[in-house]
Amino acid sequence: DGGITQSPKYLFRKEGQNVTLSCEQNLNHDAMYWYRQDPGQGLRLIYYSQIVNDFQKGDIAEGYSVSREKKESFPLTVTSAQKNPTAFYLCASMLGWGGSYNEQFFGPGTRLTVL
Amino acid sequence: SQQGEEDPQALSIQEGENATMNCSYKTSINNLQWYRQNSGRGLVHLILIRSNEREKHSGRLRVTLDTSKKSSSLLITASRAADTASYFCATDADNNNDMRFGAGTRLTVKP
């Protein structure tokens, strides 16, 4: 089955720890995105990547880091510098830009809780 | 910053009624999309309308776009309890390579 997966579904972190959220897609999409969603709120863009080995900061990149070593994978690390990391994290991918390639496909999300 | 803003924040209707949600945005766009999110899940794409289109239909969904007013509306006709979800609009500005989502409208359809 083609799709986008995120793991784990639930993640608990102690204060001061770094944690990494996984996002994998087998859709052969060029672009990948990370969003944060707080309860009752919309999505805020953390980082995005349009091509391997390149990524751009979104609106709330502070305290987060990413890598894009493979087209299929775009892991997000929540560092100890992120002061309020408890949230629902969504990863998405998109085929490319222009034409009709603007639909984003979302993973099921990872719920991160800081203990 | 969020590009789109949905209105109303919450909407509660009876099954069979129509539901209308609105979205306003601030800058010029290439296209506008509507997504649906069931509680605790990822978003699912519903429909895309391009900046040179004014209206689009997909099943029970009707989307309009008014670029002069920088606004869009999503109409769900003959609503069902299964339509209960949050609905978001998203835009990609024509000078940016990313997408921005609004805060969403929480729709409740009562059986």
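It should be noted that the structure appears before, not after, this text.
Residues numbered from 1 in each chain as written. Chains lettered and ligands numbered in written order. Predicted model: local features only at pLDDT ≥ 70, side-chain atom pairs only at ≥ 80, totals over all residues. Heavy atoms only, no water.

Residue and element names in this part refer to chain A. Within the secondary structure, serine 22 sits in strand S3 (residues 19–25). Along the sequence, serine 22 and threonine 77 sit 55 residues apart, while their C-alpha atoms lie 8.8 Å from each other. Those residues in contact with serine 22 that sit more than four places away from it in its chain are Thr5, Gln6, Ser7 and Trp34. (Helix = DSSP H or I, 4+ residues; strand = E, 2+ residues; numbered from the N terminus. Contact = heavy atoms within 4.5 Å.)

So, on to unusual backbone geometry. Omega for the bond connecting Ser7(A) with Pro8(A) falls within 30 degrees of zero, at -10°, which places this linkage in the cis form. Look at the link from Asp7(B) to Pro8(B): it is a cis peptide, with omega at 0°. Notably, Asn53(A) is not glycine yet its phi reads approximately 65°, a positive angle. Tracing the chain through its elements places Asn53(A) in the loop between strand S5 (43–51) and strand S6 (54–57). Since its relative accessible area comes to 62%, Asn53(A) is described here as exposed. At Ala78(B), a residue that is not glycine, the phi angle is positive and equals roughly 45°. Mapped onto the elements of the fold, Ala78(B) is located in the loop between strand S8 (71–76) and strand S9 (85–93). (Buried < 20%, exposed > 50% of the residue type's maximum accessible area, 1.4 Å probe, protein only.)

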